[in-house]
Amino acid sequence: MEKYGEVIVDIPSQAVDRPFHYLIPPGLQSSLQPGHRVIVPFGAQKVVGYVMKIVDDCPVDQVKPILRVLDEEPLLTREMVDLALWLADHTYSRLADTLRCLLPPGIHIKSEKYVELAQVNAAELIDELKERAPKQWAILSYLEAAGGEALWDDIRKGVQCQGAAINALAEKGYVAVKHRWTSPAVRTKRVPFCRLNVTQEAAIEWIEANSRRAPKQAELVRCLLEMGQHLAASALAAKAGTTLSTVRALEEKGLIKRYWQEVYRDPYGKGAAVSGPLTPNPAQKEALAAIIRALDQKAKAVFLLRGVTGSGKTEVYLQAMARALERGKQAIVLVPEISLTPQTVRRFKSRFGQRVAVLHSALSAGERFDEWRRIRSGDADIVVGARSAVFAPFTRLGLIVIDEEHEQSYKQEEMPRYHARDVAMWRADRHGAVVILGSATPSVESAYLAEAGVYRQLLLPDRIETRPLPPVEIVDMRAELKRGNRTILSHKLRHAIRERLGKKEQMIILLNRRGYATCVLCRECGHVLQCTNCRVTLTYHEPDQSVRCHYCGWQMALPRLCPECRSDLLRRFGVGTQRVEEALLREFPGARVLRMDLDTTRRKGAHGAILSTFERGDADILLGTQMIAKGLDFPNVTLVGVITADTALNIPDFRAGERTFQLLTQVAGRAGRGDKGGEVIIQTYTPEHYSIQAAGAHDYPAFYREELAFRREMDYPPYTFLARVLVSGPVEREVIDTAQEAAEVLRTQIGALEAETDDVKAFGPSPAPLSLVRSRYRWHIVLKGKEAAVRKCLDGFVSHPQPYPCSVSVDAAPCALL
Ligand code: ADP
Ligand code: ZN
Ligand code: ZN
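Everything numeric in this text was worked out from a predicted model, so none of it was measured.

Secondary structure assignment for the protein yields 26 helices and 33 strands. Dimensions along the principal axes, computed over C-alpha positions, put the protein at roughly 100 × 75 × 55 Å. Per-residue burial over the protein gives 54% buried out of 818 residues. Of the contacts formed within the protein by residues at least 6 apart in sequence, a portion of 74% connects residues at least 24 apart. Accessible surface computed for the protein: about 37,000 Å², of which carbon and sulfur atoms make up 50%. Between the mean site of the 110 positive side-chain charges and the mean site of the 98 negative ones, the protein shows a separation of 4 Å.

Next comes the structure, spelled out in structure tokens:
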């Protein structure tokens, strides 16, 4: 019977984003599986494609055959194939884009079949084959000459043998047939290994005969015997207390054999200190007990673990992971990219050693490829990584941890627009795995689901060793102004900084705006300098006296005259980190200030360098944007100051309150982590806002209640499912026309819903709050309603032909509506 493969071709175009049918040639019928990469004819070209399904029927008559299979093993596991299909559907994305997301980026991967000489073959045994099975002997000799391993196809060509001869050797244990993933773009790393070249008995005899005359050599052979007879040459020499010259001497005598073997690059090096589990405190114990019960039930379970910073969440993750591993399962830990510091990674490595693979964007292509191979082959059981690590192709997944689950970086803002949390839920369903969402400030959506009983709530109410959370003082800057203080620092904060400087304690000062002044305004005509590519105000940067756009990077020298009215009354308003730095240096001459924002951390390694300077105590004040708010642990920090809490609050988005609360809570958590205690001073122009009040009182439940009331009143998530269709393009008229057409199609879809029309409402089209970015105009249509109904409209919308001149993208459950 004929069989067909449904193949997605790897061409990024909407028009070909559906499966095409190809005939599976008889020779491939037994081996081809979903997930295999193949070469197929496509028009006049030959292209790479992915087999998604194998079917018995073909809806078209003229069907071409699959030309070639690229890999021995399917590149994608069955689960990954299904995940790609689901994800493309769920996020309204192209399948080719979605597939690319599941593979290590920027690398052309290939699976190859190779043959490795077993490590126990002694020369005598090999010689014995020479007469009896000359082909097999020739294969072993070929492998010997090749240094211990060779590609399957090379051997067959080199020795002129059938595959059966190699398989026969494998059955007898002389060789092992293996698969591995390689890439022409990445060099594999090889180091010399050693093995015995004589039988064990012969080796023991030799040691006895030579231990006096050549003690170093004898010791080395003894180590090799003892330690599995198969070791990296350098490790062996070190173990025996000798050098590589001893290895070479023994090789010349024919006692051992040296060969080259591939090793994985380890970006974090060995030598991480080993650490065992800590004795859990009662709250940790209770949380762990619930998680372990769920692991044993082998059914999906989701926990929301809420605990302030320093309450021991990570320790709970570590112990839960250990339990999952004991049960033969694998674990994924997601952390925000920015907190993937060596410090975090070391914590996991010191507990689980080489079983940990690490994935993040700063790895070299080779390192990333090696980590991916370790995961795919099952050599690693734990992955620690940023968002895309959620796709780690484990086959025995038992636990997924998402730390700081509220972080916006878990949502990808390009196709496929997925949220790592949703992917985690899907995979947990598939594997019957446990998900732990951890945060000090859970997203409102997750807290809502926990309250509704969909997630199970776990609480770590106190910091370890019950160090108190630092007291927070909220300073009303309007009152400060009335008292005649027009400077950046309130009396309170100024006084507190001076006191800390006197006591040689350290401080963290947050202002979530970089640059010097946040806008330049003409006092004559009121004109505000704006980016010509984006409809946003330009930020003044002091070092080169330029004005810059923080959205597109455009910049120019600060003009002397107003471009509108030619007056010379251009004035700079608003405060950025550069201006705070200047003020601190003026006010406290001699204070050592480190500024950390996008401008000072562009260079690779700059981020780490600033932090270690601060950690060493070589600076008094760490001043920066939100990038200083997360994950840092400096025991000598006793004061945290926030220059203006309102920056995040004034962003025109429904999550502004949530973001503000999270940012303030996080930065406040940086104070008082040591024995000296600490305090937090928050300056604001809206002290009465609940986000600021609740952050000041370390009161998550209070924030949650107020925020929920606001969301209900304004009909935002979790009370509604939100989606938006964003239209963008370089010609404003076209963007508006397209947005109007799209809105009409959407409204038709809503009208066609069988359910009450009440289920979905469409708003717009209207200009997005960021109505022009990088010379592209942006309009959007917002949908609100029940998730199933909204998705039905969107399904209808994307399957409708879209001959639009502008780009039209769908974002279901966007993180922000900017
Ligand atoms: P979180 O992840 O909530 O910020 P951590 O797990 O990092 O908290 O714990 C904070 C600190 O307390 C760490 O230094 C950790 O080693 C320590 N710690 C955690 N649990 C315990 C425990 N049960 N006993 C002693 N120290 C602990
Ligand atoms: Zn003017
Ligand atoms: Zn711009």
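Back to the write-up after that little detour.
With antiparallel pairing, five strands are arranged side by side in an open sheet as E2-E1-E4-E3-E5. This sheet does not close on itself; its edge strands, each paired only once, are strand E2 (20–23) and strand E5 (68–69). As paired strands, strand E3 (residues 37–42) and E5 are joined by two bridges and run antiparallel to one another. Along E5, the bridge assignment pairs Ile-39 with Arg-68.

All of the buried residues along helix H16 (residues 444–451) are Val-444, Glu-445, Ser-446, Ala-447 and Ala-450. Tucked inside the fold, the buried residues of H16 contact strand E12 (301–307), helix H15 (420–431), strand E17 (434–439), strand E18 (456–460), helix H22 (656–668) and helix H24 (700–714). Positioned one or two residues after H16, Gly-453 has a phi angle of 90°, which is positive.

Right, let's talk about the coordination of the zinc ion (ligand 2) for a bit. A metal bound by six donors in octahedral fashion has ideal angles of 90 or 180 degrees, whereas one bound by four tetrahedral donors has an ideal angle of 109.5 degrees. Protein coordination at the zinc ion (ligand 2): the donors are Cys-522 (SG), Cys-525 (SG), Cys-562 (SG) and Cys-565 (SG), at 2.2 to 2.4 Å from the metal. Coordination at the zinc ion (ligand 2) is tetrahedral: its four donor atoms span angles of 105 to 111° at the metal.

By the secondary structure assignment, His-780 is in strand E32 (residues 776–785). Overall, the relative accessible area of 5% leaves His-780 in the buried class. Within the local environment of His-780, its side chain forms a polar contact with the side chain of Arg-724, the two groups lying 2.7 Å apart. Among all residues touching His-780, those that are not within four sequence positions of it are Arg-724, Val-725, Leu-726, Phe-763, Gly-764, Pro-765, Ser-766, Pro-767, Ala-768, Pro-769 and Leu-817.

What follows is about the nonpolar core. Judged by nonpolar contacts, the single largest core of 49 residues is most densely connected at Met-52, Leu-76, Leu-334, Val-383, Val-390, Phe-391 and Leu-437. In this view, Leu-76 contacts Pro-34, Gly-35, Tyr-50, Val-81, Leu-99, Leu-102, Leu-103 and Arg-376; residues no more than four positions away in its chain are not counted.

This part is about the site of ligand 1. The environment of ligand 1 is made up of 15 residues, and the closest members are Thr-279, Gln-284, Gly-310, Thr-314 and Arg-347. In the environment of ligand 1, a nitrogen atom lies 2.8 Å from a nitrogen or oxygen atom belonging to the side chain of Gln-284. Lys-313 places a polar main-chain atom, nitrogen or oxygen, 2.9 Å from an oxygen atom of ligand 1. If ligand 1 stood free it would expose 560 Å²; the protein chains cover 71% of that surface. Counting residues per element, the shell around ligand 1 draws most heavily on helix H12 (residues 313–326), at three residues. In the shell around ligand 1, the residues fall into four nonpolar, eight polar and three charged.

Let's shift gears to the state of the cysteines. Evaluated as defined, the whole model comprises zero disulfides. Left without a disulfide partner, Cys-815 is nearest to the cysteine sulfur of Cys-101, which lies 15 Å away. Look at Cys-815 and you get buried, because its relative accessible area is 8%.

With that settled, consider the sheet that holds E12. Across the sheet, which stays open at both edges, the seven strands sit in the order E14-E15-E13-E16-E17-E12-E18 with parallel pairing between neighbours. Either end of the sheet is taken by a strand with one partner, and the two such strands are strand E14 (356–359) and E18. Adjacent strand axes in the sheet meet at a mean angle of 15° when their direction is disregarded. Across four bridges, E14 lies against strand E15 (residues 382–385) in parallel orientation.

Thresholds, definitions, all that
- Residues numbered from 1 in each chain as written.
- Chains lettered and ligands numbered in written order.
- Predicted model: local features only at pLDDT ≥ 70, side-chain atom pairs only at ≥ 80, totals over all residues.
- Heavy atoms only, no water.
- Helix = DSSP H or I, 4+ residues; strand = E, 2+ residues; numbered from the N terminus.
- Buried < 20%, exposed > 50% of the residue type's maximum accessible area, 1.4 Å probe, protein only.
- Contact = heavy atoms within 4.5 Å.
- Areas by Shrake-Rupley, 256 points an atom, 1.4 Å probe, with all protein chains shown as cover.
- Lys, Arg positive; Asp, Glu negative; His and termini not counted.
- Charge placed at Lys NZ, Arg CZ, Asp CG, Glu CD.
- Pairing = 2+ DSSP bridges.
- Donors = N, O, S within 2.8 Å, 3.2 Å for Na, K, Ca; no water.
- Tetrahedral: all angles 85-135°; square planar, octahedral: opposite > 155°, others 65-115°.
- Polar contact = N/O pair within 3.5 Å; in protein donor to acceptor, adjacent residues only side chain to side chain.
- Core = buried A, V, L, I, M, F, W, Y, C linked by side-chain atoms within 4.5 Å.
- Near = heavy atom within 4 Å.
- Nonpolar A, V, L, I, M, F, W, Y, C, P; charged D, E, K, R; others polar.
- Disulfide = S-S within 2.5 Å.
- Axes fitted to C-alpha atoms, helices over the stretch in contact; angles between N-to-C directions.

Just distances and angles here, no functional claims.
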